[in-house]
Structures are given as structure tokens and as C-alpha cells.
Amino acid sequence: MMRLIQMVLLLTGLLMVAAPGACTRKDDRGKPEAEKRTRTIGGWLTFAAVIWMITEGLRSF
């Protein structure tokens, strides 16, 4: 179950980084500051998912 949550977190973050316009609220689409905020949040989600996966791997040793 945890692996599923990690993968969803990772894929959501990557989508937000790759296509911020698709993840931005409808009324804010096209605004550079809104897309930058979405891209930043996506970066943090991706970073959190990767760190979580690394710590899970280290914990299994």
C-alpha cells in the first residue's frame, strides 16, 4: 500500500513539473506566476517521494 502512495505522489509531482498548465486551476491558467507555483509544488512533491523511497530502501537493510 505504501508503494502505491509513493508512486502516486511521484507521478503527481512529475506531472505538475512537466505540464503545469494542466494542473493549474482553470481561472489561473496562462498566468506565469500560477504555473511557476504549480511547478514548484510539483518539484517538492517529486523530491518528497524520492526521499521517501530512498529511506524505505535504507530501512530494509
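Look above for the structure.
Each value, and the rule that gives it
- Residues numbered from 1 in each chain as written.
- Predicted model: local features only at pLDDT ≥ 70, side-chain atom pairs only at ≥ 80, totals over all residues.
- Heavy atoms only, no water.
- Patch = residues over 30% accessible without salt bridge, like charges linked within 9 Å, V, L, I, M, F, W, Y side chains within 5 Å.
- Areas by Shrake-Rupley, 256 points an atom, 1.4 Å probe, with all protein chains shown as cover.
- Salt bridge = Lys/Arg side-chain N within 4 Å of Asp/Glu carboxyl O.
- Helix = DSSP H or I, 4+ residues; strand = E, 2+ residues; numbered from the N terminus.
- Buried < 20%, exposed > 50% of the residue type's maximum accessible area, 1.4 Å probe, protein only.
- Expected span 1.5 Å × (residues − 1).
- Contact = heavy atoms within 4.5 Å.

Trainee: Explanation requested: a nonpolar patch on the surface in the structure shown.
Mentor: Judged by side-chain polarity, Trp44, Phe47, Val50, Ile51, Ile54, Leu58 and Phe61 come together as a nonpolar surface patch covering roughly 820 Å² of accessible area. Among the structural elements, Ile54 can be located in helix H3 (residues 32-59).

Trainee: Teacher, can you tell me more about the pattern of salt bridges here?
Mentor: Between side chains of opposite charge, a pair can form when the charged atoms approach closely. The final tally for this structure, using the stated rule, is five salt bridges. A salt bridge links Arg25 to Asp27, with the shortest nitrogen-to-oxygen separation between them at 3.3 Å. Under the relative-accessibility criterion, Asp27 is labelled exposed at 52%. Arg25 serves as the salt-bridge partner of Asp28, at 3.9 Å between the closest nitrogen and oxygen. For Arg25, a relative accessible area of 55% translates into the label exposed. Residues participating in the shared-partner salt-bridge network are Arg25, Asp27, Asp28, Lys31 and Arg37.

Trainee: Just to check I follow, could you spell out H3 for this structure?
Mentor: The α-helix winds at 3.6 residues per turn, so residues separated by three or four positions along the chain end up facing the same way. With 28 residues, H3 ought to run about 40 Å at 1.5 Å a step, and its terminal C-alpha atoms sit 40 Å apart, in line with that. If you check which residues of H3 are buried, you get Ala34, Thr38, Gly42, Thr46, Ala49 and Met53. On the buried face of H3, the contacting elements are helix H1 (2-18) and helix H2 (20-23).

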